[in-house]
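Topology and contacts: notes
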Number of protein chains: 6
Amino acid sequence: MAFFDLPLETLRDYRPDVAEPADFDEFWAATLKEARAFDLDPVFEPVETGLTMVTSYDVTFRGWGGHPVKAWLTVPKYGDGPFPIVVQYQGYNGGRGIPQQQIGWPNYGYAHLMMDTRGQGSGWLIGHTPDPVGSGPQHAGFMTRGITDPAEYYYRRVYTDAVRAVETARVAPGVDGTRVAVGGGSQGGGLTIAAAGLCGDLVGALPDVPFLCQFERAIGLTDADPYAEIARYLTVHRQQEEQVYRTLSYFDGVNLARRATAPALFSTALMDQVCPPSTVFAAYNAWNSADKDIRVYRFNGHEGGSYDQSVEHATWLRSRV
Amino acid sequence: MAFFDLPLETLRDYRPDVAEPADFDEFWAATLKEARAFDLDPVFEPVETGLTMVTSYDVTFRGWGGHPVKAWLTVPKYGDGPFPIVVQYQGYNGGRGIPQQQIGWPNYGYAHLMMDTRGQGSGWLIGHTPDPVGSGPQHAGFMTRGITDPAEYYYRRVYTDAVRAVETARVAPGVDGTRVAVGGGSQGGGLTIAAAGLCGDLVGALPDVPFLCQFERAIGLTDADPYAEIARYLTVHRQQEEQVYRTLSYFDGVNLARRATAPALFSTALMDQVCPPSTVFAAYNAWNSADKDIRVYRFNGHEGGSYDQSVEHATWLRSRV
Amino acid sequence: MAFFDLPLETLRDYRPDVAEPADFDEFWAATLKEARAFDLDPVFEPVETGLTMVTSYDVTFRGWGGHPVKAWLTVPKYGDGPFPIVVQYQGYNGGRGIPQQQIGWPNYGYAHLMMDTRGQGSGWLIGHTPDPVGSGPQHAGFMTRGITDPAEYYYRRVYTDAVRAVETARVAPGVDGTRVAVGGGSQGGGLTIAAAGLCGDLVGALPDVPFLCQFERAIGLTDADPYAEIARYLTVHRQQEEQVYRTLSYFDGVNLARRATAPALFSTALMDQVCPPSTVFAAYNAWNSADKDIRVYRFNGHEGGSYDQSVEHATWLRSRV
Amino acid sequence: MAFFDLPLETLRDYRPDVAEPADFDEFWAATLKEARAFDLDPVFEPVETGLTMVTSYDVTFRGWGGHPVKAWLTVPKYGDGPFPIVVQYQGYNGGRGIPQQQIGWPNYGYAHLMMDTRGQGSGWLIGHTPDPVGSGPQHAGFMTRGITDPAEYYYRRVYTDAVRAVETARVAPGVDGTRVAVGGGSQGGGLTIAAAGLCGDLVGALPDVPFLCQFERAIGLTDADPYAEIARYLTVHRQQEEQVYRTLSYFDGVNLARRATAPALFSTALMDQVCPPSTVFAAYNAWNSADKDIRVYRFNGHEGGSYDQSVEHATWLRSRV
Amino acid sequence: MAFFDLPLETLRDYRPDVAEPADFDEFWAATLKEARAFDLDPVFEPVETGLTMVTSYDVTFRGWGGHPVKAWLTVPKYGDGPFPIVVQYQGYNGGRGIPQQQIGWPNYGYAHLMMDTRGQGSGWLIGHTPDPVGSGPQHAGFMTRGITDPAEYYYRRVYTDAVRAVETARVAPGVDGTRVAVGGGSQGGGLTIAAAGLCGDLVGALPDVPFLCQFERAIGLTDADPYAEIARYLTVHRQQEEQVYRTLSYFDGVNLARRATAPALFSTALMDQVCPPSTVFAAYNAWNSADKDIRVYRFNGHEGGSYDQSVEHATWLRSRV
Amino acid sequence: MAFFDLPLETLRDYRPDVAEPADFDEFWAATLKEARAFDLDPVFEPVETGLTMVTSYDVTFRGWGGHPVKAWLTVPKYGDGPFPIVVQYQGYNGGRGIPQQQIGWPNYGYAHLMMDTRGQGSGWLIGHTPDPVGSGPQHAGFMTRGITDPAEYYYRRVYTDAVRAVETARVAPGVDGTRVAVGGGSQGGGLTIAAAGLCGDLVGALPDVPFLCQFERAIGLTDADPYAEIARYLTVHRQQEEQVYRTLSYFDGVNLARRATAPALFSTALMDQVCPPSTVFAAYNAWNSADKDIRVYRFNGHEGGSYDQSVEHATWLRSRV
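Residues numbered from 1 in each chain as written. Chains lettered and ligands numbered in written order. Predicted model: local features only at pLDDT ≥ 70, side-chain atom pairs only at ≥ 80, totals over all residues. Heavy atoms only, no water.

**Observations concerning the interface of chain A and chain E**
A common way to express how large an interface is: the accessible area buried when the components associate. Put simply, the rule reads: Here a residue-residue contact requires only that any non-hydrogen atoms of the pair lie within 4.5 Å. What counts as buried area is the accessible surface, traced by a 1.4 Å probe, that two parts surrender upon association, with contributions from both included. Salt bridges are counted wherever a side-chain nitrogen of Lys or Arg sits within 4 Å of a carboxyl oxygen of Asp or Glu. Each polar contact in these results corresponds to two N or O atoms within 3.5 Å; when the atoms are within protein, one needs to be able to donate a hydrogen and the other to accept it, and residues that are neighboring in sequence are counted only if both atoms are side-chain atoms. Helix and strand labels come from DSSP, where a helix needs a run of H or I of at least four residues and a strand needs a run of E of at least two; each type is numbered from the N terminus. For this classification, the nonpolar set comprises Ala, Val, Leu, Ile, Met, Phe, Trp, Tyr, Cys and Pro, the charged set comprises Asp, Glu, Lys and Arg, and every other residue, Gly included, is treated as polar.
Chain A puts 14 residues into the contact, and the matching count from chain E is 14 residues. Overall, the association of chain A and chain E removes approximately 1100 Å² of surface from exposure, summing both partners, and the carbon and sulfur fraction of that is 54%. Remark: the boundary between chain A and chain E carries two salt bridges. The partner of D308(E) in a salt bridge is R238(A), and the shortest N-O contact between them spans 2.8 Å. Counting the contacts that link chain A with chain E gives seven residue pairs in polar contact (both at pLDDT 80 or more). Secondary-structure elements contributing two or more residues to the side of chain A that touches chain E are helix 6 (215-221), helix 7 (227-236) and helix 8 (241-249) of chain A. Per element, the largest residue contribution to the side of chain A that touches chain E is four residues, and it comes from helix 7 of chain A. Across the side of chain A that touches chain E, the residue classes tally to seven nonpolar, four polar and three charged.

Here's what the structure looks like:
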């Protein structure tokens, strides 16, 4: 049914219990420490794109396990640099695409780093980053890779990459590394929350219709992928429910939002069956900053505010940096 | 089935008979003359967008019937102007959107005029141009508005608008009006063909997965909208088949392609059930210029080459202007 | 889910708040006055149909804007005339069809006027009435034509036509113009409510599974067209929600039912996802007459009581005229 | 795909081989003889319907096995009787409905007998005739009841009922039993062909989009029910293919059409996936009378010519009786 | 939506009112007495299967009306016989299949009788038992055969067959007839409940995701077949609702569970839209034995616990016999 | 459409060109040599299952890269051992399941080894074997893991595992290692062909509705997964078509069938849209042994002959070993 989730008035104050493991902070501290044992080793290689008003770089940095992760850096040629930068994460099954697509933020006067998502990039937007790590039996897709153990879960590697992308942005050419914001939609919104929960000193966070929040509710509320990948996995691995939810608790956007202190502008859509609005509000209401706001698109599905939300982004960020 | 249309080798030489009314040229000459009886009256109103490297204008010109038609003009702030310009037409149900979306061609060093499609702009991209003309009984959608009479057919107005948009581009601020190209995907591809068939002196035409070509084959080959709107209309108006096809013959992209002399770069996709590849090749093979090429995307549906095709566009056009 | 709406016991007393504009009555008084500035000019042209027991007329009258609206008048050849008459309105996308279909009421001893719906009549039943009025950007279908302004909304014209059809029935040949009833299903049910709310002196109203009632609830409750056309329009025109709902409030069947005083027999179906039962009860419970009843079909969808309800109609109306 | 069957030019001469069992005529002669061992015993009970211009009768006659079969007889009250009569058979899953629906032919000046289909009448139109015969294992629906043996096949009973309905019509009150026509759509079209192949002395046959023709091609060409019921049965009863096709050959409309000598007006629709046009032309081209014609609806599906075809019926039959 | 039924905590105590006819016990006593007027006449014919460790018998016994009902008996060749036996009933549209499939329980050291379901066995698993009883008008499928009268309802025959199968098992060769358990999934689960409610002296009952429980709720809660067959029947037979529910009350698994005293192991799945979990808990909570348990599969649909549940079965039954 | 592929008569002789890389044999020789550099290291651990007539072992052997691969070994307790053995491979997304399911072949007097498919086993049947190898960007599922390079392609690992499973079977307890057959359905059928093409000395091969044959035709003929995973990958990786097809040529069942010399019994189904019958016949007709046969199921989809085919298997294999 059209409005399938809680009414908006209820959502405004929706603050569900989401289990948080006792060693949540240790887990992430250890994970990041382990990753930082590898040099970040950022490489920014200029590429010829035919674009006349920006400079594009093919970026490689060391993410989780020291694995090379690709990104595109795009810097305005005109305006007063060094520029503040927006680090962007991609939606599920998409990759970083091509450099000619990365001109949105630069045309607003920001540098922009579009991170590739390891292993993804074959569904709707091309990617170039391998995920050189195998897994136990998994359901098709990325949601259940290594899901029986937080240490082996796919998103442990991706969240770590997201943090390392912020570190890469700080040292990128033409960039003012003290002014870094993060953003993205759907999976990219989930990664935005993760990055904001795991990095300090961000000037803004822009999660749109974020995925990866309040897994238990999401799985019981929607039949839509990618949340449903986990449900289908559990139809076969009937004994692993507790184990799976334990793993997911280390990655739940609600737990990460509790640790995020950057100013934030969220968005959600009330007919979004992919990332139900209650799960988005769960993260939004947990966000640990008074400087936060959320745009609600009543009649939209997972496309959310789309290009209208992009204008909101630009206006909101301009007022800060 | 996956490859549902003719094999590629056959498509290369596919030149079907498409009926052309004896008074085709008179019809269009009269139509344009009638439209030009109204002053073009182009207005270019600068708008504030937050974009730092382009200048945006809210454009109004007089299209068919002297009706005001909206567009966005976007001109690079940097580089050596006056700039050549690409006039773009939109896909079915979409409108001109917002000015912040129009930065693709300007970032390649071209001015850009995005024409609104009258009455449309409520399906996936916002539009702002009314179609102040009613119609007889019609099927939902735009395909059957006035379909019983070429003089009253919806696309008579839209094709005319497309020509007037070219005329508007020629006099736009910061633009070199002698170097105008046209382009668009799907319905926008059909309008590109129409503009190229009805305007001389274009430096290029870029129709992607074009719609509005070889109607009779398309309607018998695919159940997909919007071609199927016509079939559904005829399920009720069983006696109007001949009349409907007569009307459509004045608007068939194959007949317009025969009159188009600009250099052209087409694209098509072999799994495109919305605009089947044979109907695209019918127009391509009829195109009246030796300087033409077509990109074939074998595994894609109606999305065609998407962002990869955009890069093809830029490279191809750069080599000409 | 099967029973997706409120339980029947709750529906019996369901009386939701539906916003009513302060100038509702002025709006409609002005609209009708404006329409009546044009002569009704009813023309009843006998047509040869091959039918042996009824006389058929091709009817034209002046509706909104003085535009010609078509209808079929069918009068029994046998029995004691002049006959009471039922004015019927058609479902969405359908037209008046052909005269040979109009024999239901005449075979019960009533004259019958089947009004064409302007612009419609190409979806499942043929129509012959143009809607010579254009509109701003709209979604495919009729629901969003002119939806930003009550004065320009498509249904302003159609509701007016419905009233004028009643006036035409009163002066039709072989008809007792003092005994006029109105009826129809789905959109025809909505028009029945409109006619009954805007005309006095009706001997009965027969709205089946009526559409166009309590828009706000309907849009949030069902994904089915045609209500969903409005939702999809608002996915793009994100800023127009308030404006759209304001327009719709002038056309909401609940507001019109409050003004309807004719005896009424409604019907609804509990599995009807097109016109959800709660929205029907909202209108039924608001109906301003003690002489009213409603048939509830528990297991049906939008087909409702179908031919069984037709027998209910005949029995109910026979007991009154 | 839209036009999924052979092109119309090919269909015009499509005369496939359809297997005919050597004892086809003996089978049907014996079947009818066996049925006629029971008295026809027609009962015509007047019913009160509220209709003012026709007389309605609840009819019972003895069909196959002497089982009571229900029908509605409807006779005009006005005009010069005794009237010629049209016997009509119903589409799949439908029953005879209610008497108030049976006024179409009477309003053209014909009596009308609507035969109930035993066991059916619970899908879209109510029925009242049991089929007091069980069957071996069957797929849901009626197509595979007793399909392993022609003597036990469901349609042996129904075809016999169809013949007995003609015999009932000949003795009905107010009817001129020398002028009997048969008609129906879909399954009703198949029964029309069967009745015309098994009865002499009919003044006309009106099969629309007939079902039950050239089973082998139909099953291989369409996934649509009810033909597909047989295919699904054979997915389980893998060893019965030959046996099943042998049974069906006694019931194939092509074999029955070869024996039909009445004047005939067929109809078919080129996008009809339920009863593909080639299977209809197979029967039409086999029809054993020079006085035959077929209406082809190019863009329609299984609804075929619908009400337009009804007008064709009336005109065609009027010119004969 | 994913979890569409009541929450698990609520289900644990879900004890709805289900109407029970006053003569429920008389009805079944009379039915069984009538059936037992025919000799059971069990025949066990050894069949050659190629299987090396079990003996297979093609079984025929007299079920309702003395009609022959087929089954497969499979007895271990090795181990200490005579063996306890599990009588199994099949899911909807399936038959007894082939003897080579019946080796599951024998490999656990139990004899096994797989009963054929009369008339079924053409949907996914072959059957060989006719249902030599016709019916009034019915919807496709088996749910509405004779549904207007408990005495003629299809499941009266099948429930009786299920009881007679238990009696057959008691006298089967190589079997210890004092140790009989019953089991099955979906329709087989419903029959398991029926057999346990109508037979004494069973050592266990194993209903998985049982069908045929709390009809009224099921029909209002799910659109899935086979429950929906009844709803669709009632869309046409609008006047029969009360009559239909009266019939069903004699067959409702909740009423039968109240009379079942054998130890039981149920299973249900929380995403099962075919046999919603609340309807299963309704029967489970009504079950008249303290020795009962239920396995709940949270993420599964109608497949429930599948092979995992089979292991549960074996373990549970081993601990009892 | 129902029969969507070539007619059966054409299929009987269908021998398409399938590209074979010049170094095909070297590639596989090197691959197997590399794998055999690791000890096979088979471990057979008895497991308690509750089954009374077979012995079950949890098996681990070293597959590609020396990675541990799981399997179940099931050996009859009764009959004259050592027993011949059937090695079985699983369908796509399934794992080895549980030992209690593995009793089919043992009950016919054969030992049985069910190999787990690395990484799979979370779709419909549980698996326990990790695939500890990552990949470049891939589409969801397994078809495109490492697809840009034959050396890194997922199926290089799985095909190698399949060969190593045969080697494991040869040394299994209670087994006569000189009499090994292979079999499986769908992906399991493709692995059967691979094993038979890469291993000598097999006594039989039983590929049912095999997958992984004639990729190029399959991808152009069906929209069904898993073939379509490759097509969707290529919608994004538009430049990799040639590279992808080159990789696949090393794994094409047609090329492997050319090298297979064991007696074989294939099966295919003419309505199978997952593994189209032409692609199966392409492999069957290429099979390099005169002792081969194929069962054709005309009306079935991808389920093919199901349990009927299992009986065919047993009969066919019994006549050989």
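**A word on the arrangement of the chains**
One thing to see here is that chain A and chain D don't touch, and their nearest C-alpha atoms sit 26 Å from each other. Where chain B comes nearest to chain E, the C-alpha atoms are still 26 Å apart, and the two do not contact one another.

**Description of helix 2 (residues 24-36) of chain B**
All names here are of chain B. The following threshold applies: Multiply 1.5 Å by the residue count of a helix minus one, and that product is the helix's expected span. The cut-offs for exposure are 20% and 50% of the maximum accessible area for each residue type, with area from a 1.4 Å probe on protein chains only; residues under the lower value are buried, those over the upper are exposed, and the others partly exposed. Comment: arc refers to directions from the helix axis out to C-beta atoms.
End to end, helix 2 covers 18 Å across 13 residues, agreeing with the expected 18 Å (1.5 Å per residue, within 8%). The set of residues buried in helix 2 consists of F24, F27, W28, T31, L32 and A35. What you see down the axis of helix 2 is that its buried residues fit within an arc of 120°, all on one side. Buried positions along helix 2 lie against helix 3 (154-170), helix 4 (187-198), helix 7 (241-249) and helix 8 (253-257).

**Section: the interface of chain A and chain F**
Contacts between chain A and chain F engage 29 residues on the former and 29 residues on the latter. Seen at the junction of chain A and chain F, the total is zero salt bridges. Where chain A touches chain F, the interface holds 14 residue pairs in polar contact (both at pLDDT 80 or more).

**What about the relation of the copies chain A and chain E?**
We apply this condition: We superpose the copies by least squares over the C-alpha atoms of residues that have a pLDDT of at least 70 in both of them.
Overlaying chain A with chain E gives an RMSD of 0.0 Å, the required rotation being 120° about an axis along which the chain moves by 0.0 Å. The superposition of one copy onto the other is thereby described by a three-fold rotation axis.

**A look at the sheet that holds strand 1 (residues 43-47) of chain B**
Residues and elements named next belong to chain B. For clarity, the cut-off: When DSSP finds two or more bridges between a pair of strands, those strands are recorded as paired. To obtain an axis, a line is fitted to C-alpha atoms, over the contacting stretch when the element is a helix, and the angle between two such axes runs from 0 to 180 degrees between their N-to-C directions.
Pairing within the open sheet is mixed, and its nine strands lie in the order 1-2-3-5-4-6-7-8-9. Looking at the sheet topology across the chains shown, the edges are occupied by strand 1 and strand 9 (292-297). Here the strands of the sheet are splayed against their neighbours by 20° on average, with no regard to which way each runs. Its contacts with the sheet put helix 3 on strand 1, strand 2 (54-62), strand 3 (68-76), strand 4 (83-89), strand 5 (111-115) and strand 6 (175-185), and the angle it makes with strand 4 is roughly 165°. Together, strand 4, strand 6, strand 7 (204-208), strand 8 (264-269) and strand 9 form the strand contacts of helix 10 (residues 306-318), whose direction differs from that of strand 8 by roughly 165°.

**Thoughts on the packing of aromatic side chains**
Spelled out, the test is: Stacked, tilted and edge-to-face are the three classes applied to pairs of Phe, Tyr and Trp rings, where Trp contributes its six-membered ring and a pair requires centres within 6.5 Å; stacked means planes under 30 degrees apart, edge-to-face means over 60, and tilted covers the rest. Note on criteria: charge over ring means Lys NZ or Arg CZ within 6 Å of the ring centre, with the direction from the centre no more than 35 degrees off the ring normal.
Counted according to the given criterion, the structure contains 135 aromatic pairs over all chains. Between W28(B) and F251(B) the ring centres are 5.4 Å apart and the planes differ by 85°, which places this aromatic pair in the edge-to-face class. Note that W28(B) is positioned in helix 2 and F251(B) in the loop between helix 7 and helix 8, a separation of 223 residues in sequence. Of the two residues, W28(B) and F251(B), neither departs from the other in class, the shared state being buried. Ring plane angle 75° and centroid distance 4.9 Å describe the contact between Y154(E) and Y155(E), whose orientation is recorded as edge-to-face. Y155(E) matches Y154(E) in its accessibility class, with the two residues each being buried. Between the NZ or CZ atom of R96(A) and the centre of the ring of W72(A), over which it lies, the distance is 3.5 Å. One residue, K292(F), lies across the ring of Y284(F), its end atom 5.0 Å from the ring centre.

**A short note on the relation of the copies chain A and chain F**
Of the transformation superimposing chain A on chain F, the axial component is 0.0 Å and the angular component is 180°, with the fit at an RMSD of 0.0 Å. Each copy turns onto its partner about a two-fold axis. For chain A, the smallest separation between a C-alpha atom and the rotation axis is recorded for G134(A), amounting to 2.2 Å. Taken as a fraction of all interface residues of chain A, those also at the interface in chain F reach 100%, which identifies the copy contact as same-surface.

**Notes on helix 8 (residues 241-249) of chain D**
Three or more residues of helix 8 of chain D are buried, namely V244(D), Y245(D), T247(D), L248(D) and S249(D). Considering only its buried residues, helix 8 of chain D is in contact with helix 2 (24-36), helix 6 (215-221), helix 7 (227-236) and helix 9 (253-257) of chain D.

**Observations concerning the packing of helix 2 of chain B against helix 3 of chain B**
Working note: a packed helix pair is described by the angle between its axes plus the distance between those axes. All names here are of chain B. For clarity, the threshold we go by: Here a crossing is taken to be left-handed if its near helix is turned anticlockwise relative to the far helix by less than a right angle, and right-handed if that turn runs clockwise.
One way to put it is that helix 2 packs onto helix 3 with a least axis distance of 10 Å and a crossing angle of 65°. At the point where helix 2 passes helix 3, the crossing takes the right-handed sense. Where helix 2 approaches helix 3, its residues F27, W28, T31, L32, E34, A35 and R36 are matched on the opposing element by Y155, R156, Y159, T160, V163, R164 and E167. In terms of residue class, the contact of helix 2 with helix 3 is made up of seven nonpolar, two polar and five charged.

**Some thoughts on the pairing of strand 1 (residues 43-47) of chain C**
Residues and elements named next belong to chain C. Sheet topology places strand 1 next to strand 2 (residues 54-62); five bridges connect them, and they run antiparallel. The residue of strand 2 that forms the bridge with E45 is D58. Count of turn residues in the strand 1/strand 2 antiparallel hairpin: six residues, of which G50 carries a positive phi of about 85°.

**Points about the pattern of salt bridges**
In the structure shown here, the tally under the stated rule is 132 salt bridges over all chains. Here R232(B) makes a salt bridge to D225(B), at a shortest N to O gap of 3.2 Å. Its relative accessible area of 38% is what places D225(B) among the partly exposed residues. For R164(E), the salt bridge identified is with E167(E), shortest N-O distance 2.7 Å. Of this pair, R164(E) and E167(E) both sit in helix 3 (residues 154-170), separated by three residues, roughly a single helical turn. Here R164(E) and E167(E) have matching classes, each one buried. Each of R118(A), D131(A), R145(A), R157(A) and D161(A) takes part in one network of salt bridges that share partners.

**Here we look at the confidence of the model for chain A**
The criterion, for reference: pLDDT is defined as a per-residue confidence score from the predictor, taking values between 0 and 100.
Confidence along chain A averages 97 in pLDDT terms, with 100% of residues attaining 70 or more. ipTM for the predicted complex: 0.96, alongside a pTM of 0.97.

**A few points about the sheet that holds strand 3 (residues 68-76) of chain E**
Residues and elements named next belong to chain E. Taken in spatial order, the nine strands of this open sheet run 1-2-3-5-4-6-7-8-9, and their pairing is mixed. Each edge of the open sheet is held by one strand with a lone partner, namely strand 1 (43-47) and strand 9 (292-297). Averaged over all adjacent pairs, the angle separating strand axes in this sheet is 20°, with direction ignored. Across the sheet, helix 9 (residues 277-286) lies against strand 8 (264-269) and strand 9, angled at about 165° from strand 8, the strand it touches most. Contacts between helix 10 (residues 306-318) and the sheet are confined to strand 4 (83-89), strand 6 (175-185), strand 7 (204-208), strand 8 and strand 9, with strand 8 contributing the most and set at about 165° to the helix.

**Some thoughts on the side chain of D58(F)**
Residues and elements named next belong to chain F. Its location among the elements puts D58 in strand 2 (residues 54-62). In this structure the side chain of D58 is engaged in a polar contact, spanning 3.2 Å, whose partner is the side chain of K70. Not counting the four nearest positions on each side in its chain, D58 is found in contact with V43, F44, E45, V47, K70, A71, W72 and R96.

**Here's the deal with the state of the cysteines**
The cut-off we apply is this: Count a disulfide wherever a pair of cysteine sulfur atoms falls within 2.5 Å.
Counted by the stated rule, this structure contains zero disulfides over all chains. With no disulfide of its own, C213(A) lies closest to C275(A) among cysteine sulfurs, the gap being 7.8 Å. We note that C199(B) lacks a disulfide partner, and the nearest cysteine sulfur, in C213(B), lies 16 Å from it. Of the residues examined, C199(B) reaches a relative accessible area of 14% and is grouped as buried.

**Re the pairing of strand 2 (residues 54-62) of chain D**
Residues and elements named next belong to chain D. With seven of nine residues buried, strand 2 is to be regarded as a mostly interior element. Two strands pair when backbone bridges link them, and strand 2 and strand 3 (residues 68-76) are joined in this way by nine bridges, in the antiparallel orientation. Bridge assignment links V59 to a residue of strand 3, and that residue is A71. With antiparallel pairing between neighbouring strands as the criterion, strand 2 and strand 3 make up a hairpin whose turn holds five residues, including G65 at a positive phi of roughly 65°.

**Remarks on unusual backbone geometry**
Between G81(B) and P82(B) the backbone carries a cis peptide bond, its omega angle lying at -5°. Mapping P82(B) onto the fold places it in the loop between strand 3 and strand 4. Positive phi outside glycine occurs at L212(A), with the angle close to 75°. One non-glycine residue, D201(F), lies in positive phi territory at about 60°. Looking at the element boundaries, D201(F) is found in the loop between helix 5 (187-198) and strand 7 (204-208). For D201(F), a relative accessible area of 65% puts it in the exposed group.

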